[in-house]
Every structure is written in C-alpha cells, then in structure tokens.
Amino acid sequence: MQVNGDAEEPGWEVDPDDDWGVAVVATVGRQLKLRREAVAMRAADFGAAVGYGEDLVYKIEGGKRIPRAEYLDRADEVLDAGGLLAAMKEDVAKVRYPKRVRELARLEAQAVEVALYSNHNVHGLLQTEEHMRALFGAWLPAYSEEETERMVAARMARCSIFERSPTPTLSFVQEEVTLRRPVGGRMVWRQQLERLLELAQLRSVSVQVMPTDSEEHVGTGGLIEVLKFPDGTAVGRSEGAFNGRPVNDPKQLRILELRYGMIRAQALTPRESRAFIEQMLGET
C-alpha cells in the first residue's frame, strides 16, 4: 500500500477557537492512540497499515488534525475495534465544518420557516456544487484546495434542508444581477439557472427575482435572513441593521420582517420569476 505524503494528508487543521471541535478531535485522537498501544503497534507500523505517514498518525492522535472518514474506517479494521472507531465518524464530520457554519446549519435544521434575501450572490442554499466552487475560487486571498473542499462540503450539507420531513417553508428573493453573472462559465451558469427552476417547483419553496430596473426597493441595506422555529421564537440578521449581528428581540425582528415583506412585494411574483429565469436560460 502506498503511503500518502504530507500533501495528501487525510485530515484538516483544528480551529483553536472551536472549543467543542477541539474536544471532539482530542477525544478521537486519544482513543486511536489507546487502541493502537493496546495491541502493541508502533505508530510507523500503524501508519503503514492504514496507508498514511507516521507524522500524520502522531498529529491525529495528538488532536492536531481532523481525520477523514476513511482513516477511521481503516483504523477500526487494523486495530480490530469492532466498529467503535468507525462510529466516531458522525461527530468528526461535524467538526470539519467551520463553527459558524455548523451553528447556521443547526438553526436551519430546526426552523419551520426560512426567509432569505440575497443581493451579492445566489444564496448558498440555492447554489449548485460547481457554482460554489467557482465562487470560492474567485475569492482573495485565494483559498487552498483543502479549505475550498471544507467549505463546499459544509454548504452542501446545509442543502439537505430541502429533503427534510416535514419540509420547512422556504422563501428566497434574489437580485436579478446575481442570476446574470456567469460565475464559473456558461455551462456552470446554465446548471445554476436550471437548479433554481428545479427548486422553485417544490411546493415548500418560493423563489422571487428583484428586477434591477425596479424604481422602488427597500433592500438596499443588504442581505436579510429570518428563521422561525416551532415554539414561536425566531432569529434574524441583516447586513443593514443592528450592526449585522443576529437578533431575537421581537421589536427588532418585526423590522426585519417588515423589510423582507416589502422586498417580496416589490419583486416579481414566483410565477413571473420562473418565467424570467426560463427566459434567461433560453438566452444563455
């Protein structure tokens, strides 16, 4: 078996500010080390058996690196752990996502209503994987391939919201310009427009377009997000209000809901928006 070099290390760096993530990775590393020592296997021999270098073994056992799922699977087989090591994959998978994204995904998973207005890019929940990669690839300073993969994986995991049962009610308003920018090239652009039309057909999803030539527009303050939960509580955020921080005070939420409601009223209707996107698709 070929041993992977440092450039192909099967893990990621641990975010030192992510207390829960640090604790999970440290626990997994400690269990791996205890299992290896229990069978009197040297780190170098274990690394050779799982297909990776000795240095990586020490990093993972020391809680410095996040192991990939296949690493835990191989370790479970080599150390005859009876599935105990492989069972840690679920928690480890969550740690791989940035802390902020995990928190957002947790809130989205609990929400029964989600209202989103996006004016810079197609909203992350609506993006295709190829569109995501193109967006991350355009940012400066440039992300490493590993960082890009981590962010794409996190965003794709959030897209499971469309498969939830019962499905939450999702409302999106997109600025026209976000749909006209051919991020990633013509083919990626077409696939993104097709994805929007596909999602817009779902009974629980509303997609509306805010025309660039609209003379009335209360969304110039930027992105708006409002998530409502089964117990009647909610949380919201807007780039143009309350310093962009999340809020749950009813008075502040009413302001965000008022703005979002006006944005929806000023945008094309869902039916008109689908026709608009179909027309754009025909022009590509």
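Honestly, the sheet that holds strand E5 (residues 205-210) in this entry has me stumped. Any pointers?
Read across the open sheet, the five strands follow the order E5-E4-E3-E6-E7; overall the sheet is mixed. Each edge of the sheet is formed by a strand with only one pairing partner; in this case those strands are E5 and strand E7 (234-238). Averaged over all pairs of adjacent strands, the angle between strand axes in this sheet comes to 5°, irrespective of strand direction. Where strand E6 (residues 224-228) and E7 come together, five bridges link them in antiparallel fashion. Counterpart to lysine 228 in the pairing with E7 is alanine 234. Relative to the sheet, helix H11 (residues 250-266) contacts strand E3 (113-118), strand E4 (169-175), E5, E6 and E7, its axis offset from that of E6 by approximately 115°.

Can you help me understand helix H2 (residues 43-50) in this one?
It helps to recall that an α-helix has 3.6 residues per turn; residues three or four apart then point in one direction. Three or more residues of H2 are buried, namely Ala43, Phe46, Gly47 and Val50. Down the axis of H2, the buried side of the element spans an arc of 100°, and every buried residue falls inside it. On its buried face, H2 is in contact with helix H1 (19-38), helix H3 (54-61) and helix H4 (69-78). Following H2 by one or two positions, glycine 51 has its phi on the positive side, about 95°.

I tried to follow the layout of surface pockets on my own but got confused; where do I start?
Considering only enclosed or pocket space, the second largest pocket measures out at about 260 Å³ in volume. What lines the second largest pocket is a set of ten residues, and nearest its centre among them are Leu104, Leu107, Glu225, Arg237 and Pro246. Residue assignment for the lining of the second largest pocket shows that the elements contributing at least two residues are helix H6 (99-110), E6 and E7. With four residues, H6 is the single largest residue contributor to the lining of the second largest pocket. When its residues are assigned to classes, the lining of the second largest pocket shows five nonpolar, one polar and four charged.

For this particular structure, what's the right way to read the packing of H1 against H3?
Helix packing geometry: the angle between the two helix axes and the distance between the axes. H3 packs onto H1 with a crossing angle of 125° between their chain directions and a minimal axis gap of 7 Å. One element, H1, and the other, H3, form an angle in the oblique class. Touching Val25, Gly29, Arg30, Leu32, Lys33 and Arg36 of H1 are Val57, Tyr58, Ile60 and Glu61, all from H3. Of the residues in the contact of H1 with H3, the class split is five nonpolar, one polar and four charged.

Looking at this model, I keep getting lost on the pairing of E7. Mind explaining?
For a regular strand, side-chain orientation follows a simple rule: the groups alternate between the two sheet faces. For E7, a buried count of four out of five residues is recorded, marking the element as mostly surrounded by other parts of the structure. Following E6, the chain reverses through five residues before pairing antiparallel with E7; glycine 232 in that reversal takes a positive phi of roughly 90°.

Where do I start with the environment of arginine 158 in this structure?
With respect to the helices and strands, the residue arginine 158 is situated in helix H8 (residues 145-158). Considering only alpha carbons, one finds arginine 158 and alanine 138, 20 residues apart in sequence, at a separation of 21 Å.

Honestly, the packing of aromatic side chains in this entry has me stumped. Any pointers?
Pairs of aromatic rings are described using the distance from one ring centre to the other and the angle between the two planes. Applying the stated criterion across every chain, the model contains six aromatic pairs. With 6.3 Å between their ring centres and 80° between their planes, phenylalanine 46 and tyrosine 71 make a pair best called edge-to-face. Highlighted residues: phenylalanine 46 in helix H2 and tyrosine 71 in helix H4, separated in sequence by 25 residues. A relative accessible area of 1% means that phenylalanine 46 is categorised as buried. Ring centres of phenylalanine 136 and tryptophan 139 lie 5.2 Å apart, and the angle between their planes is 85°; this geometry places the pair in the edge-to-face category. Residue phenylalanine 136 is classed as buried on the basis of its relative accessible area of 3%. Judged by relative accessible area, which is 34%, tryptophan 139 ranks as partly exposed. One aromatic cluster is present, built from ring pairs that chain together Phe46, Tyr52 and Tyr71. The cationic tip of arginine 195 hangs over the ring face of phenylalanine 162; the distance from NZ or CZ to the ring centre is 5.9 Å.

The rules behind the values
- Residues numbered from 1 in each chain as written.
- Predicted model: local features only at pLDDT ≥ 70, side-chain atom pairs only at ≥ 80, totals over all residues.
- Heavy atoms only, no water.
- Pairing = 2+ DSSP bridges.
- Helix = DSSP H or I, 4+ residues; strand = E, 2+ residues; numbered from the N terminus.
- Axes fitted to C-alpha atoms, helices over the stretch in contact; angles between N-to-C directions.
- Contact = heavy atoms within 4.5 Å.
- Buried < 20%, exposed > 50% of the residue type's maximum accessible area, 1.4 Å probe, protein only.
- Arc of directions from axis to C-beta.
- 1 Å grid on protein atoms, 1.4 Å probe; cavity = no way out; pocket = protein on both sides within 12 Å on 5 of 7 lines; lining within 4 Å.
- Points joined across faces, edges and corners; volume = space filled by probe spheres on them.
- Nonpolar A, V, L, I, M, F, W, Y, C, P; charged D, E, K, R; others polar.
- Parallel < 35°, antiparallel > 145°, perpendicular 65-115°, else oblique.
- Phe/Tyr/Trp six-rings, centres within 6.5 Å; stacked < 30°, edge-to-face > 60°.
- Lys NZ or Arg CZ within 6 Å of the ring centre and 35° of its normal.

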